[in-house]
Amino acid sequence: MTLKIVDGMENKKLCLIMVTEDERDKCFLTQKLTRYMGWLAIRCKVFKDRDIQGIEIKFDDLVTNVCEWFKEEHTTVAILDLENIKLSDGPKYDSIFRRDHIDTLFVEYIGDEANQDTLSTPLESITSNKELTDPLSYVVLRKESKDILVNKVENYLQTRIIFYVLNINMENKSIWLSRHGESVFNLEEKIGGDSSLSPRGQKYAQLLPDLITKEIGESPLIVWTSTLRRTQETAKYLPYKKLAWKALDELDAGVCDGMTYKEIEEEYPEDFKARDDDKYQYRYRGGESYADVVNRIEPVIMELERQENVLIITHQAVLRCIYAYFMNVPQGESPWMTIPLHTLIKLTPTTDGVKVTRIKTDIPAVSTYKEKGSSDITSNPSNLSSKYANILEEVSTIQKI
Ligand code: F6P
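Residues numbered from 1 in each chain as written. Predicted model: local features only at pLDDT ≥ 70, side-chain atom pairs only at ≥ 80, totals over all residues. Heavy atoms only, no water.

Across its full length, the protein holds 12 helices and 12 strands. Expressed as a percentage of the 401 residues in the protein, the buried residues total 53%. Contacts in the protein between residues at least 24 apart in sequence constitute 71% of all its contacts with a sequence separation of at least 6. When the accessible surface of the protein is split by element, carbon and sulfur atoms take 49% of a total near 19300 Å². (Helix = DSSP H or I, 4+ residues; strand = E, 2+ residues; numbered from the N terminus. Buried < 20%, exposed > 50% of the residue type's maximum accessible area, 1.4 Å probe, protein only. Contact = heavy atoms within 4.5 Å. Areas by Shrake-Rupley, 256 points an atom, 1.4 Å probe, with all protein chains shown as cover.)

Structure (structure tokens):
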């Protein structure tokens, strides 16, 4: 018997049409959705009705561009970022794209004030529109009250997109990321395990409250850790509410847990090479790949979008995945990013992207960075700064202890 995926994402083509009163909201939502899709390996592209010189692209040409792009392999979501589009334009777009077997989903994001007009009139006309053989798929989100109105959302991809949009908190906030302090296993060059902090790791834990308080002042903060000892010990002195997530535990190295990279190279040479060749997809025997980690932390990302200020204390591989989500780092590159110990990373979402600040402490720590093609730990990984390390800004604050 063969199993058929009835509503998988593979064969679905979806045109997401953004309707907002405010250009900034549209820009913010569009860039967030694009990043989210990319992170989940859903191929997505934004289409505008103006070219880079600001010259209008004719409606028919725009439709042709979208339909042509959908003919390429694995294309799943087109986001239409158009000027002056209204929900009442929905039937026109829907019937055109439906001819090419492309679903449409309208995402309207409006102020509560505006809702009386925009909600009642167009929706009535939409539902009574005779040209529509099928009702339109849309979601209307009210900005202040956060009320939502959802119509005909019927597949997994659409539901997932709506759930994501619903969770986005547009308020100003920052996210701080830190690896745990240096651990005993880090000193021994062993991966995985559940060891405690080294004396230098404990110093970092003691410094962290000052470092964070200087950053956050009186604002509220919640601290998330993994369930492993080294992250909890790092969070120990922080005077904020804490939450331990199993989903934030380090990438599971399976049979290699507790080994050094040298031991892995000797004992499992083929696996060692396979991991270097495709570090994102390689799954440790009895363990996980980076792709697995991305899947398991998706609920964390969703909750992170809902929250205000959060400090996440977790592990090298998990932090690479979180960082890749915010900084739009391609999958092939994310497992090779440098995320040093004893460094706090501040991410501040803006309308155009995310501002990054790295706050480096002067508490020494070993490197845990293994270069491609070798089992050696690189002694000075900060020199290997990835092009995604400081997209907007890098600040090094040396803290005296
Ligand atoms: O060495 C520290 C560590 O967190 C290990 O526990 C983990 O296996 C490793 O980093 C992940 O990094 P990489 O994917 O580069 O091996």
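This paragraph deals with the site of the ligand. Around the ligand, the neighbouring residues are Arg179, Asn186, Ile191, Gly192, Glu250, Tyr261, Arg275, Lys279, Tyr290, Gln316, Arg320 and Thr368. Note that an oxygen atom of the ligand is positioned 2.9 Å from one of the side-chain N or O atoms of Gln316. For the ligand, whose free accessible area comes to 400 Å², the fraction covered by protein is 97%. Put simply, the ligand lies in the largest cavity. (Near = heavy atom within 4 Å. Polar contact = N/O pair within 3.5 Å; in protein donor to acceptor, adjacent residues only side chain to side chain. 1 Å grid on protein atoms, 1.4 Å probe; cavity = no way out; pocket = protein on both sides within 12 Å on 5 of 7 lines; lining within 4 Å. Sits in = over half its atoms within 2 Å of the grid points.)

Turning our eyes to something else, we now look at the sheet that holds strand S4 (residues 103-110). Spatial strand order, S2-S3-S1-S4-S5-S6: 6 strands in an open sheet with mixed pairing. The open sheet is flanked by strand S2 (43-48) and strand S6 (148-151), the only strands paired with a single partner. For this sheet, the mean inter-axis angle between neighbouring strands, taken without regard to orientation, is 15°. The pairing of S2 with strand S3 (residues 75-81) spans 6 bridges and is classified as parallel. When the bridges of S3 are listed, Arg43 appears paired with Thr75. Lying on the sheet, helix H1 (residues 23-39) is in contact with strand S1 (14-20), S2, S3 and S4; it crosses S1 at an angle near 155°. (Pairing = 2+ DSSP bridges. Axes fitted to C-alpha atoms, helices over the stretch in contact; angles between N-to-C directions.)

Moving on: the packing of aromatic side chains. All told, the structure shown has 9 aromatic pairs when counted by the stated rule. Note on Phe47 and Trp69: the rings are 5.8 Å apart at their centroids and 65° apart in plane angle, and the pair reads as edge-to-face. Of the two residues, Phe47 is situated in strand S2 and Trp69 in helix H2 (residues 59-70); the sequence distance between them amounts to 22 residues. The exposure classification of Phe47 matches that of Trp69, with both residues buried. Three or more aromatic residues link up through ring pairs in this structure, and these residues are Trp39, Tyr325 and Phe326. (Phe/Tyr/Trp six-rings, centres within 6.5 Å; stacked < 30°, edge-to-face > 60°.)

This next bit is on the packing of H2 against helix H3 (residues 90-98). Viewed as axis vectors pointing N to C, H2 and H3 meet at an angle of 45°, and their least axial separation amounts to 11 Å. By the angle between their directions, the pair H2 and H3 is classed as oblique. The two elements H2 and H3 cross, and the hand of that crossing is right-handed. From H2, Phe59, Val63, Val66 and Cys67 reach across to H3, where they touch Lys92, Tyr93, Ile96 and Phe97. Its residues assigned to classes, the contact of H2 with H3 comprises 7 nonpolar, no polar and 1 charged. (Parallel < 35°, antiparallel > 145°, perpendicular 65-115°, else oblique. Left-handed = near helix turned anticlockwise from the far one by under 90°. Nonpolar A, V, L, I, M, F, W, Y, C, P; charged D, E, K, R; others polar.)

Scanning the model with the defined rule gives 24 salt bridges in all. Among the ionic pairs, Lys26 bridges to Glu23, the shortest N-O distance being 3.2 Å. On the criterion of helical spacing, the pair formed by Lys26 and Glu23 is a turn pair, its members being 3 residues apart in helix H1. As a salt-bridge pair, Lys143 and Asp25 come within 2.7 Å of each other at their nearest N and O atoms. Placement of Lys143 in the loop between strand S5 (138-142) and S6 and of Asp25 in helix H1 is noted, with a sequence separation of 118 residues between them. For Asp25, a relative accessible area of 10% translates into the label buried. Through salt bridges with shared partners, one network takes in Glu23, Lys26, Lys48 and Asp81. (Salt bridge = Lys/Arg side-chain N within 4 Å of Asp/Glu carboxyl O.)

The next subject is unusual backbone geometry. Of note, Asn84 is a non-glycine position whose phi angle comes to about 50°, a positive value. Here Asn84 shows up in the loop between S3 and H3. Positive phi, normally seen in glycine, also occurs at Lys152, with a value near 45°. When its relative accessible area of 23% is taken as the criterion, Lys152 is described as partly exposed.

None of the figures reported here should be taken as evidence of function without further support.
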